[in-house]
Amino acid sequence: MKRALSMVLAGLTVLAIALPARAATSTVDMTQQLTFDPTPSAINLGDSVKWVNTSSGFDHTATSNTGFFDTGSVAPGGSKTKVFQFAGSFPYYCQFHGSPTFGMRGKVNVPDRWLNTGTQHVGHVQRIRVSTVAPPAGLAFDVQMKGPGDGAFSAFKTKFKHAIVKFTPTKAGEYLFRSRVHRLSNNKASGFSPAVAVEISP
């Protein structure tokens, strides 16, 4: 009985580690002044953005510049919510009062998540989550890394088809990772996510 209970508790511990933290929702107002407030929105992987039309006489939309989401028309007092499962930077606009380059525009920034905990050393396998799920058919991830002493980001994984990236550092220092979601059919991509820092000890 004790052995069975220990196994169950161990399984629950592993499950708790594997699951992401409870998702949150950030609210963005679609305003009478033809703005999104606040913008940019900074959220975590798996969190949601809820657009609320606080204007008194305008319908609004939140439409991705690159086709990754579209709330459709939101009437005054209405709202629409979108879960962000992929890391990246997602600019958007209102179809009635803006475009990708002017007018009523906003942005949602979603960074990658470093999964390792505790002090990490050279030779330890590192895990960086770029998505809450494996990419659906037609989508993939581009991942860039900037290592200690590197002057710029360089491609680490291109058209990657997994939710977690792994790497084994060969020297100590700070590593930076960022990623974007890439639609393969038309080669459109989100912007790269804000960088997440991975600190490696000797």
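Scroll up for the structure.
Going along each chain's sequence as written, the residues are numbered from 1 onward. With the structure being a predicted model, the display of local features is reserved for residues of pLDDT at least 70 and the display and counting of side-chain atom pairs for 80 or more, all residues being used for whole-chain, interface and lining totals. To get the side-chain values, take all heavy atoms of the structure and skip hydrogens and water.

(A) Summary view of the sheet that holds strand S1 (residues 25-30). Pairing in this open sheet of 4 strands is mixed, and the strands run S2-S1-S4-S6 from one edge to the other. A strand with exactly one partner marks an edge of an open sheet, and here the two such strands are strand S2 (36-37) and strand S6 (79-83). For two strands to count as paired, DSSP must find a minimum of two bridges between them. Segments assigned H or I by DSSP are reported as helices when at least four residues long, segments assigned E as strands when at least two residues long, and all are numbered from the N terminus. Bridge analysis of S1 against strand S4 (residues 48-53) gives 6 bridges, and the strand direction is parallel. Residue pairing across strands places Val-28 opposite Trp-51, the latter belonging to S4.

(B) Fine view of the environment of Lys-80. If you trace the backbone, Lys-80 turns up in strand S6. For the pair Lys-80 and Thr-27, spaced 53 residues apart in the sequence, the C-alpha separation amounts to 10.0 Å. Any two residues having at least one pair of non-hydrogen atoms within 4.5 Å are treated as being in contact. Leaving out residues up to four positions away in the same chain, Lys-80 has contacts with Val-49, Lys-50, Trp-51, Thr-71, Ser-73 and Val-74. Pairs of N or O atoms are called polar contacts if they sit within 3.5 Å, as long as, within protein, a hydrogen donor faces a hydrogen acceptor (for residues adjacent in sequence, only side-chain-to-side-chain pairs). Here Thr-71 takes part through its backbone oxygen, which lies 2.8 Å from a polar atom of the side chain of Lys-80.

(C) A look at unusual backbone geometry. Cis geometry marks the peptide bond from Asp-37 to Pro-38; its omega dihedral reads 0°. Within the element layout of this structure, Pro-38 appears in the loop between S2 and strand S3 (41-42). Cis rather than trans, the peptide bond between Thr-39 and Pro-40 has omega equal to 0°. Relative to the helices and strands, Pro-40 is located in the loop between S2 and S3. The backbone phi angle of Lys-159 is positive, close to 50°, even though this residue is not glycine. Within the secondary structure, Lys-159 sits in strand S12 (residues 154-160).

So, to be careful, I would describe these as geometric facts and stop short of saying anything about function.
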